[in-house]
Amino acid sequence: MTQEERKAHSKELILSASMHEFGAHGYASVTVDSICAKHGISKGMLYHYYSGKDDLFLLCANQVFHELVLQLKRELSLSEQDKPIDAIKHFFMIRERFLELHPDLKRIFVDALLNTPHHLEKEIHELRRPIRDLNRSFLKKLISGLMLREGLNTESVVCYLESIDIIFPSFIRQICAEKKAQDLHTMLQTVENVLEMVLFGILRTDNTIPTT
């Protein structure tokens, strides 16, 4: 094995161990010591290639985002053939289905997106750029084919859906926890129900807002 091959092998070993630890225990519970001790890695070797826990977490988050981008590209290209409303519903379900099918990546994704370490916010925001760009392009294309309420435009609706997309996983986890539902079918049905409310509201059109 050449020096370059040994270097690549060592870095891959450390990254794989880090993915496992962050995926199983979450950012807050993982330390360099726990990564090294549980996977037979010397701290000297780890620090030779990486600066520490944060460096490794950012690499792991980037790996998860990369896998999700590949999945989004595959599925969004197929959903473009659907009716716009169905395509938007599919858009929100892609990520939830992906994370449910890859529980080893889910905790890293949740820690990076929803429990973002304050001191890593700028780096993670930048790592998410490919996902944001892909989502925005897809949503703009879809929304341009829909009849929007008076006073709304494509940009404002895209911002609204992007905001919903950020908090959507928390919504779904809370509802599923209250229902004590764990299976994928129930989770996806919950996604469908929540999206009905997101897209069409919760009140009948004959409701009026009382004035004071």
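Above this text is the structure in question.
Report on the accompanying structure.

What counts as what
- Think of each chain on its own: its residues are numbered from 1, step by step along the sequence as written.
- The predicted origin of the model limits local features to residues at a pLDDT of at least 70 and limits the giving and counting of side-chain atom pairs to 80 or more, whereas totals for whole chains, interfaces and linings rest on all residues.
- Excluding hydrogens and water, the side-chain values take into account all heavy atoms of the structure.
- Strands are runs of DSSP state E lasting at least two residues, helices are runs of H or I lasting at least four, and both sets are numbered from the N terminus onward.
- Throughout, a residue-residue contact means that at least one pair of heavy atoms, one from each residue, lies within 4.5 Å.
- Each accessible area value is a Shrake-Rupley result obtained with a 1.4 Å probe; residue values ignore everything except the protein chains displayed when judging cover.
- The positive count covers Lys and Arg only, the negative count covers Asp and Glu only, and His and the chain ends enter neither.
- Where a charge lies is defined by one atom per residue type, namely NZ (Lys), CZ (Arg), CG (Asp) and CD (Glu).
- Only protein chains enter the area calculation, which uses a 1.4 Å probe; residues under 20% of their type maximum are buried, those over 50% are exposed, and those in between are partly exposed.
- To count toward a patch, a residue needs a relative accessible area over 30% and no salt bridge; like charges are then connected within 9 Å, while nonpolar side chains (Val, Leu, Ile, Met, Phe, Trp, Tyr) are connected within 5 Å.
- By salt bridge we mean one thing: a side-chain nitrogen of Lys or Arg within 4 Å of a carboxyl oxygen of Asp or Glu.
- Between rings of Phe, Tyr and Trp, where Trp is taken as its six-membered ring, a pair exists when centres lie within 6.5 Å; planes separated by under 30 degrees are stacked, by over 60 edge-to-face, and by other angles tilted.
- Here, nonpolar core refers to any group of buried Ala, Val, Leu, Ile, Met, Phe, Trp, Tyr and Cys residues whose side-chain atoms link them within 4.5 Å.

## Some words on the overall build of the protein
- Each helix and strand counted, the protein has 10 helices and zero strands in total.
- For the protein, the α and β elements follow one another from N to C terminus as α-α-α-α-α-α-α-α-α-α.
- Overall size of the protein, expressed as C-alpha extent along the three principal axes, is 70 × 35 × 35 Å.
- Within the protein, counting contacts between residues at least 6 apart in sequence, those at least 24 apart form 66% of the total.
- Carbon and sulfur atoms provide 54% of the accessible area of the protein, an area that totals close to 12800 Å².
- If the 26 positive side-chain charges of the protein are averaged to one point and the 29 negative ones to another, these points end up 1 Å apart.

## Structural notes on the side chain of His-90
- Relative to the elements of secondary structure, His-90 occurs in helix α5 (residues 84-101).
- You can call His-90 buried: its relative accessible area is 17%.
- Once you skip the residues sitting within four places of it in the chain, His-90 turns out to touch Glu-75, Ser-79, Asp-82 and Arg-97.

## Side note on a nonpolar patch on the surface
- Residues Ile-166, Ile-167 and Phe-171 make up a contiguous nonpolar surface patch of roughly 240 Å² in combined accessible area.
- Here Phe-171 is to be found in helix α9 (residues 154-179).

## Some remarks on the pattern of salt bridges
- With the rule as written, the count across this model stands at seven salt bridges.
- The closest approach of N and O atoms between Asp-33 and Lys-43, which form a salt bridge, is 2.9 Å. Here the residue Asp-33 occupies a position in helix α2 (residues 32-39), and Lys-43 occupies one in helix α3 (residues 43-49), the gap between them amounting to 10 residues.
- A salt bridge links Arg-97 to Glu-75; the nearest nitrogen and oxygen atoms lie 3.8 Å apart. Here Arg-97 is found in helix α5, whereas its partner Glu-75 is found in helix α4 (residues 53-79), with 22 residues between them in sequence.

## With respect to the packing of aromatic side chains
- Summed over all chains, the structure comprises five aromatic pairs.
- Seen from their ring centres, Phe-22 and Phe-57 are 5.2 Å apart, and the 70° between their planes marks the pair as edge-to-face. Of the two residues, Phe-22 sits in helix α1 (residues 3-25) while Phe-57 sits in helix α4, which places them 35 residues apart along the sequence. Comparing Phe-22 with Phe-57 shows no difference in burial state: the two are buried.
- Judged by centre distance (5.8 Å) and plane angle (25°), the ring pair of Phe-91 and Phe-138 falls under stacked. Of this pair, Phe-91 sits in helix α5 while Phe-138 sits in helix α8 (residues 129-143), and the two are 47 residues apart along the sequence.

## Here we look at the nonpolar core
- Of all hydrophobic cores here, the largest spans 55 residues; its most connected members are Phe-22, Leu-46, Phe-57, Phe-92, Ile-108 and Phe-168.
- Residue contributions to this core peak at 11 residues, all from α4.
- Leave out the neighbours within four places in its chain, and Ile-108 touches Met-19, Phe-22, Gly-23, Phe-57, Cys-60, Ala-61 and Val-64.

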